[in-house]
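Summary of the model geometry
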Amino acid sequence: MATTIIEPFRIKSVEPLRFTTKAQRAGILAQAFYNPFLIHADDVLIDLLTDSGTSAMSSRQWAAMMEGDESYAGSRSFYRFEAAVKKITGMQHIIPTHQGRASEKILFTITGGKGKSFLSNTLFDTTRANIEFSGAEGIDLLTETGKLPSVRAPFKGNIDLDLLEKTIIEKGPTQIAMCIITVTNNSGGGQPVSTENIRKASSICKKYGVAFFIDACRFAENCYFIKQREEGYAAKTMIEIVNELFSYADGCTMSAKKDAFANIGGFLALNDDVLTRECRNLLVITEGFPTYGGLAGRDLEAIAVGLEEIMDEHYLKYRIRSMEYIGEKLEAAGVPFVKPVGGHAVYLDAKAFLPHIPLHQYPGLALSNALYIEGGIRSVEIGSLMFGKYAVDGTLVPAQMELVRLAVPRRVYTQSHIDYVAEIIIDVFKKRQELKGYEIVYEAPLLRHFTAKLKPVG
Ligand SMILES: *Cc1c(COP(=O)(O)O)cnc(C)c1O
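Being a predicted model, the structure only gives us computed values, none of them experimental.

**Looking at the sheet that holds strand β14 (residues 403-407)**
Strand order in this open sheet of three strands is β9-β14-β11, and the pairing throughout is antiparallel. The sheet terminates laterally at β9 (345-349) and β11 (380-382), the two strands that pair on one side only. Strand-to-strand twist in this sheet, taken as the mean axis angle between neighbours without regard to direction, amounts to 35°. In terms of strand pairing, β9 meets β14 through five bridges, oriented antiparallel. Residue pairing across strands places D349 opposite L403, the latter belonging to β14.

Spelled out as structure tokens, the structure:
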């Protein structure tokens, strides 16, 4: 019997790749101030910078876009979108936004502010930035195993429940704006959170009257991991698992650029009537009328169809398996990475990969840049360039981990692209001793990794 898990789609429209030489790439990188975010996408061969908004849409999605109703108010496409989101989340009120961070900005402007704390397994970068921008603080309470890249465990995205309760008591429940669990845990290796962990975290929050939210960007990948790994879930359908997950939450934020196969879009789903009214009031100032929220009718259609397609178990099986496949190749070559591989990305452990580069010289960036020069692959540093802070004396307070994320766009690359990526990583691993660190020459006050300019050390 054939055991190969095949791409569960065929290709109708293709985009040619543009090849460059290694010497050209070295020049391109220098011109981009050694920051992969500043490279022109045309100069990238395999773009694994992000899985956000980079999905290949299906023929059904494109067809639905032609059906988009562009009415300003009460668009048919909104009601289709609303029904699709309600089916997944079971929430009462659905607010469309132009992407995930717009949902965060609205929600945190109302619930955040000076003196407030947001508790999480791990806050994503834009989530943390929006919390801090409101004047509040974000506190990550990931379980200890989640912080150990080389330790295999089924649910390394779980929040530490004891620490959650302790922190609520310490800060005082009225000072906690909410607990927000990221599924899967993007900044912590794309690791899933178990249903049990969500249920228990939710009941701790309920006990103290603290709101419980889900950052739902990769809810389907997370729930597929639950089906595979959590006891009692193997026989459940995806929709049952997904509905249970959301049943523990008071609301969620979502980027439709992830598990909804859309190129743009997001939403905020809520149960509370008063909070919803306040969010909609802000929405009309910043995003648009409540039935389009910063999106065109056609975008709402693409999201509605995408939310159906993401629940297909053939797709999810292929998705998770293709990620494991890279992991197996790297494992065989001894490359250090976060184990097991995540749902949407492989996270190389730059600290273990480049132990000779000190943290204040950003080993993650050094590795990411080497992958670009060696093979034209774009990845992203998730380490001290993204999350580092400065102590009062100006020294770097490093991030918890120094990771390089290779995020795989949905339905875009084939197995031979993935084979090529693994080969390049292994080539770089063989000459890792030659790699050097970087220093920052310019940085912005918030989300500095997007626009920072750097230069090689020495
Ligand atoms: C992408 C992402 C966001 C922000 O969504 P955008 O659509 O990029 O604004 C928030 N949280 C997580 C976990 C994400 O992956």
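After that view of the structure, there is still more to cover.
**Here's the deal with the site of the ligand**
Near the ligand, the surroundings consist of 15 residues, among which R101, D215, R218, S255 and K258 are the closest. Between the ligand and N186 there is a distance of 2.9 Å, counted from an oxygen atom to a side-chain nitrogen or oxygen. A distance of 2.7 Å separates an oxygen atom of the ligand from a polar side-chain atom of S255. Secondary-structure elements contributing two or more residues to the shell around the ligand are α4 (100-111) and α5 (125-133). Tallying contributions element by element places α4 first for the shell around the ligand, with three residues.

**With respect to the sheet that holds strand β7 (residues 251-255)**
With mixed pairing, the seven strands of this open sheet are ordered in space as β2-β8-β7-β6-β5-β3-β4. With one partner strand each, in any of the chains shown, β2 (93-97) and β4 (137-140) form the two edges of the open sheet. The mean inter-strand angle of the sheet, taken between neighbouring strand axes irrespective of direction, is 20°. Where strand β3 (residues 117-120) and strand β5 (residues 176-182) come together, four bridges link them in parallel fashion. Bridged to F118 within β5 is M178. Against the sheet, α4 makes contact with β2, β3, β5, β6 (212-215), β7 and β8 (266-270), and its axis sits at roughly 40° relative to β8, the strand it touches most.

**What about the domain arrangement of the protein chain?**
Domain parsing of the protein chain yields domain 1 (22-51 + 312-456) and domain 2 (59-309). Using C-alpha coordinates to define each centre, domain 1 is positioned 26 Å away from domain 2. Of the residues lining the interface, 33 residues belong to domain 1; the matching set on domain 2 comes to 38 residues. Interface area for domain 1 against domain 2, summed over the two sides, is near 3,000 Å², with a carbon-plus-sulfur share of 57%. Here domain 1 and domain 2 share eight salt bridges between them. A salt bridge links R410 to E221; its shortest N-O distance comes to 3.6 Å. Between the two partners, domain 1 and domain 2, sit 20 residue pairs in polar contact (both at pLDDT 80 or more). A per-element tally of the side of domain 1 that touches domain 2 places helix α12 (residues 313-333) first, with seven residues. Broken down by class, the residue content of the side of domain 1 that touches domain 2 amounts to 16 nonpolar, five polar and 12 charged.

**Thoughts on the packing of helix α8 (residues 219-229) against α12**
Two elements in contact, α8 and α12, have axes separated by 10 Å at closest approach and are oriented at 85°. In terms of orientation, α8 and α12 fall into the roughly perpendicular class. Contact residues: α8 offers A220, E221, Y224, F225, K227 and Q228, while α12 offers E313, L316, K317, R319 and I320. Looking at the contact of α8 with α12 residue by residue, the classes come out as five nonpolar, one polar and five charged.

Calculation notes
Residues numbered from 1 in each chain as written. Predicted model: local features only at pLDDT ≥ 70, side-chain atom pairs only at ≥ 80, totals over all residues. Heavy atoms only, no water. Pairing = 2+ DSSP bridges. Helix = DSSP H or I, 4+ residues; strand = E, 2+ residues; numbered from the N terminus. Axes fitted to C-alpha atoms, helices over the stretch in contact; angles between N-to-C directions. Near = heavy atom within 4 Å. Polar contact = N/O pair within 3.5 Å; in protein donor to acceptor, adjacent residues only side chain to side chain. Contact = heavy atoms within 4.5 Å. Domains from an automatic or database assignment. Buried area = accessible area lost by both parts, 1.4 Å probe. Salt bridge = Lys/Arg side-chain N within 4 Å of Asp/Glu carboxyl O. Nonpolar A, V, L, I, M, F, W, Y, C, P; charged D, E, K, R; others polar. Parallel < 35°, antiparallel > 145°, perpendicular 65-115°, else oblique.

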